[in-house]
Amino acid sequence: MKRSLWACASVAAVLAIAACGSSSSSTTTSSSSSSSKSTASTSKAPIQVLSIGDTSGATKIYGQLHYAGLLAAAAYLNAHGGINGRKVVITHLDSGGITANSVSLAIKALAPNPNGAKYAFVDAGVEGTEDDALIPIMKKYNQFAITLDDAGECAQVSNCPTEFVVKGNPADPAHAAANFFKSKGLKKVGVLEESIAFTEGETPGIVAALKADGITPSVVTFPATATDVTPEMSALKGDGVQGVFAEALGPPAGYTLAARASLGWSIPVVFDVAASSLDITKLAPASEVKNAYLNVYDCQNGAAPLSAGMKAMLANIPSQYTAEASGQACDITGNGWDGMMEFANAAKQAPSLTTSALVNAMLNLSPASQSDPLYITSAKKCYSTSDHEDACEVPGDFTVIPVGPVSGEQDHPL
Amino acid sequence: MAVTIWSGLVLGAVYALVATGFTLTVLPTGIFNFAQGALVVAGSFMAYQWLTVSGLGEIPTLLIDTALGAFGGLACEILAVRPLRFGLRRLTGSRELVTTVGMSTMLIGIIGVKWGYLALQVPFDGPSKFVHFLGIAAEPIEIIVVASAIVISVALHMWFRHTRTGQACLAVAEDRDAAMLRGVNVNFMSLGAFAAAGALGGLIGTLTGPITYAVPTLGTTLALGGFVAIALGGEGSFLGGLFGGLLVGLASAFATRYINANYSDLAVLALLLGTLALRPRGLGGTTEARHV
C-alpha cells in the first residue's frame, strides 16, 4: 500500500513538474502559430513591456494592427530565446482612441513605477495626438519609450530625452514621390491637401521635394468634411498641373479618383503614405484606379520578394489579427514590430535595463543592430544625441507603385 | 465655376434631404431628432450590405432600406422621445435634444461594431456614364440626388398644405393641446412622423452612399449641415429647408474653392448669421399673428 502510494506521488510529482515546465515557456501575450522548437524555458524574470494604444474605438484598426506587430515581435523573440534569456511579457492598456484616456492610463501605470522600475520599455501610442500627449509623460517618469509619431517633437532631444521615434523625417517618402514625378518628366505637380493637422504637416515636405527636383508645386486644400473634391481638382487642372500628389486619407482618396474621372483627366495621381496604407481598390472602381499610384514603404511592394523581417512578422501575428492584418499595409503592423525589435537590440547591447542604459544603447546601436534584417519599415535605424527620430530612414526606404488590392499586407498592382 | 456650382448643389441637396427629415419630425411633434444624420449613415451601410454583400439590385435595396429606416425612426421615437413625453413623469423642456443625440451615438456605435470604421464603397446599380451639360460632367446618381431633394421637398410641402393628415400635423405643430381636443391622435402623429423621417433617412442613405461612401463619422457632419439648412430656411418649412440646404452647399463649395478650405465652415456660419440678422425666422419661416 505504502509502495503504491509512493509510486502515485512520484508520478504526480513528475506530471506537475512537466506541467510547470510547459506553462513557463508560453507567454501570456502571444498566441501565434510560430514554431515552438526553441521555447527555451528560463528561470529569469520576464521583461515587462507596456503598450498603450487604441484597440477599441473609431480608429481601432490602427491600434489593433500596431499591437499585433508588437505581439508578433514578442512571440518571435520568445521563440528564439527571449532577450538575454528573458521572456517578453506585454501589458496592454486600451485608450479607446481617446487621448485623455491614454494619458491617465500611462500616469496610473508609471507613477508608481518611475525610472523604468517595472516596465523596461513602453510602446507609447499609435495615433498622432495620442503619441504627442504621451511624450511629456514618458519624460516626467524617466521612462524608456518608443513611439510611432511625434509631430517632430523628438527632433529636439530636450522634449524626448528617454523616448525614440520609429519613423524618420516625414520628407523621406515625399522625396520618393517627387522622384517618381521627375521620372515621368513632369514639370508641374498639384498637391491636394486635406485640411487636417497630419497632412498640413506633410505638405511642406512634398513641396520642398518637388522643388528640389525642379518641379513646380501648386497646392490646393479641401476641408476634412468634404464629400467631393471636383472643384479643387478642377482648380489644379486649370492651373495646368501634369500630376497630382494627393494627401487624402480614407474616403477623400476615392473622391480624388472620382473627381479625376468626372473631369475627363488621366494625369497620374500619387497618394501619400497615409492614404496608401489603406486598400484604395475598395474605394474606387477598377476604371478609376488606372494611372493611380501609392507612395509606400518598400515592405508594401507586392512585386518585390518578402524580406526576412516580413516573413518573420507574418509568421508570428496572433491568429485573432491575421485576417485583419492581411488586408492592411505592412507599415501598420511593421511599426509595432520594429519598435519591439529596436528595444530588443538595445536591451541585448545594454549592461542593464535601466532607462539610462537603454537610452545609451539606442544612441550607440552596433552596426549589426542598426541594420538588423528583421526591421520592416526601414533597412537601417539609428539615433543621435541631438535627434531621437530615426536618422537612418532614407527616401530609398519608400517607393511608388501602382494601386492594387492589398493582401498579405502588401499591395499587388492590378 | 460651373464645376463648383454643381458640387455645391450636390452637397446642398444632401443637406436639404437631411433637413427634410428634421422637418418631418419637427412639424408634428416639435422635436428635433438629432439622430437623423445617423439614420442616413445607417442607410448607406445597409445599402452596402444589400448591394455588395448580398448582391441585391438597386430597387429592392431602396425598398428594404426605406422600410428598415422606418423601423429605425420608430426606435428613435420609442427609446429617445416617448419616455420623456408620455412617461409617468412628463418632462418639459428640450431633453429630447439630449436623448436623440445619445441615440445618434448609439446608432453609430452599432454601425462600427457591425461594419467597422473604415469607409466602404457603396455601388450604384444604375447608369454610370457621365452626363455632360453646361460645362459639367455629372454622374447620374448626383442628378438623382439633386432631383430627389427638390421633388421630395416640394411633395411634402404640398402634402402638408393640402391633405387632411398634413393639416392635422400642422395643427399639432401650432397648438398641440388644441389639436388633441379636436381629436387629432398626437401619439400616432409622433410615431408616424418619426417613422416617415426614418424611412426618408434610409432612402437618402441609399442614394447618397455612392457619392459619400458609407462612413460612420459622416453622421455628425450631415446632422450639423441639415441643422444649419433648417435654421437658414426656417423651422417647419420644407421649401425653406431645401433652399437653406442648397445655399449651405454652395457657400461651402465657393468658400473652399475661392478662399481656402479652412473658411468653408466659417462661410456657412457667416451666411447663417447674416440671414438670421435680417430675417430671424429664416428664409422660409413666417411670422405668426395671434389674437389676444
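Keep in mind that what you see is a predicted model, and the values were worked out from it rather than measured.

Per the secondary structure count, chain B includes 11 helices and two strands. Seen in sequence order, chain B has helices and strands lined up from the N terminus as α-α-α-α-β-β-α-α-α-α-α-α-α. Expected size for 292 residues packed as a compact globule is a radius of gyration near 19 Å; at 19 Å, chain B falls within 12% of this value. A principal-axis box enclosing the C-alpha atoms of chain B has dimensions of 55 × 45 × 35 Å. Evaluated residue by residue, chain B yields a buried proportion of 53% over its 292 residues.

The subject of this paragraph is the packing of helix H1 (residues 2-29) of chain B against helix H8 (residues 186-212) of chain B. Packed helix pairs are specified by the crossing angle of their axes together with the interaxial distance, meaning the distance between the axes. Residues and elements named next belong to chain B. Following both chains from N to C, one finds H1 and H8 inclined at 170°, their axes separated by 8 Å at the closest point. One way to sum up the angle between H1 and H8 is to call them roughly antiparallel. The segment H1 lies against H8, with Val 10, Val 14, Leu 17, Val 18, Thr 20, Gly 21, Leu 24, Thr 25, Pro 28 and Thr 29 engaging Met 189, Ser 190, Ala 193, Phe 194, Ala 196, Ala 197, Leu 200, Gly 201, Ile 204, Thr 208 and Ile 211. Partitioned by chemical class, the residues of the contact of H1 with H8 number 14 nonpolar, seven polar and no charged.

All names here are of chain A. With mixed pairing, the six strands of this open sheet are ordered in space as E7-E6-E8-E9-E10-E11. In the strand order of this sheet, the two ends are held by strand E7 (216-222) and strand E11 (398-402), each with one partner. When the angles between neighbouring strand axes are averaged without regard to direction, this sheet yields 25°. By the bridge criterion, five bridges tie strand E10 (residues 292-297) to E11 in an arrangement that is antiparallel. Pairing of Tyr 293 across the sheet is with Pro 402, part of E11.

Let us look at the nonpolar core. Of all hydrophobic cores here, the largest spans 219 residues; its most connected members are Ala 177, Leu 192, Ala 246 and Leu 358 of chain A together with Ala 13 and Val 18 of chain B. In terms of residue count, the dominant contributor to this core is H1 of chain B (16 residues). Residue contributions to this core reach at least three from each of two domains, namely domain 1 (47-169 + 307-396) and domain 2 (171-298 + 399-411) of chain A. If near-sequence neighbours (up to four positions away) are discounted, Ala 13 of chain B is found in contact with Val 145, Val 146, Ala 149, Gly 245, Leu 246 and Gly 249 of chain B.

You'll often see interface size given as the accessible area lost when the parts meet. Residues and elements named next belong to chain A. Here the domain parsing of chain A yields domain 1 (47-169 + 307-396) and domain 2 (171-298 + 399-411). Just the C-alpha atoms count here: the centres of domain 1 and domain 2 sit 29 Å apart. Contacts between the two partners involve 19 residues from domain 1, matched on the other side by 16 residues from domain 2. Secondary-structure elements contributing two or more residues to the side of domain 1 that touches domain 2 are helix H11 (319-326) and helix H12 (330-349). Per-class residue counts for the side of domain 1 that touches domain 2 are eight nonpolar, nine polar and two charged.

Okay, the interface of chain B and chain A next. Between chain B and chain A, the residue contacts involve 28 residues of the former and 24 residues of the latter. Of all the elements in the fold, those that place two or more residues in the side of chain B that touches chain A are H1, H8 and helix H10 (238-258) of chain B. It is H1 of chain B that contributes the most residues to the side of chain B that touches chain A, five residues altogether.

Below, the discussion takes up helix H4 (residues 128-140) of chain A. Residue and element names in this part refer to chain A. Largest kink in H4: about 25°, centred on Leu 134, with the proline Pro 136 one to four residues after it. Taken as a whole, H4 has its buried residues at Glu 130, Asp 131, Asp 132, Leu 134, Ile 135, Ile 137 and Met 138. Its buried side turned inward, H4 meets strand E1 (47-53), helix H3 (99-110), strand E3 (121-124), strand E4 (145-147) and strand E5 (163-165). Positive backbone phi, at 50°, marks Asn 142, one or two positions downstream of H4.

We now examine the confidence of the model for chain B. Residues at a pLDDT of 70 or more form 92% of chain B, whose mean pLDDT is 85. Across the interfaces of the predicted complex, the ipTM metric reaches 0.81, alongside a pTM of 0.81.

This paragraph deals with the pairing of strand E2 (residues 88-94) of chain A. Residue and element names in this part refer to chain A. Across seven bridges, E1 lies against E2 in parallel orientation. The residue bridging Val 49 from the neighbouring strand is Ile 90, located in E2. The handedness of the E1 to E2 crossover, carried by helix H2 (residues 60-79), is right-handed.

With that out of the way, let us pick up the environment of Ile 230 of chain B. Residue and element names in this part refer to chain B. Tracing the chain through its elements places Ile 230 in helix H9 (residues 218-233). Taking the number of C-beta atoms within 10 Å as the measure of exposure, Ile 230 has 28 and is therefore buried. Separated by 208 residues in the primary sequence, Ile 230 and Phe 22 have C-alpha atoms spaced 8.0 Å apart. Beyond its immediate sequence surroundings of up to four residues, Ile 230 is in contact with Ala 19, Phe 22, Thr 23, Glu 235, Gly 241 and Gly 244.

So, how was this worked out
- Residues numbered from 1 in each chain as written.
- Chains lettered and ligands numbered in written order.
- Predicted model: local features only at pLDDT ≥ 70, side-chain atom pairs only at ≥ 80, totals over all residues.
- Helix = DSSP H or I, 4+ residues; strand = E, 2+ residues; numbered from the N terminus.
- Rg over C-alpha atoms; globule rule 2.2 N^0.38 Å.
- Buried ≥ 20, exposed ≤ 12 C-beta atoms within 10 Å, placed from the backbone.
- Axes fitted to C-alpha atoms, helices over the stretch in contact; angles between N-to-C directions.
- Parallel < 35°, antiparallel > 145°, perpendicular 65-115°, else oblique.
- Contact = placed C-beta atoms within 7 Å.
- Nonpolar A, V, L, I, M, F, W, Y, C, P; charged D, E, K, R; others polar.
- Pairing = 2+ DSSP bridges.
- Core = buried A, V, L, I, M, F, W, Y, C linked by C-beta atoms within 7 Å.
- Domains from an automatic or database assignment.
- Bend = angle between axes of the 7 residues up to and from the residue.
- pLDDT = per-residue confidence, 0-100.
- Right-handed = clockwise from strand over helix to strand, strands pointing away.

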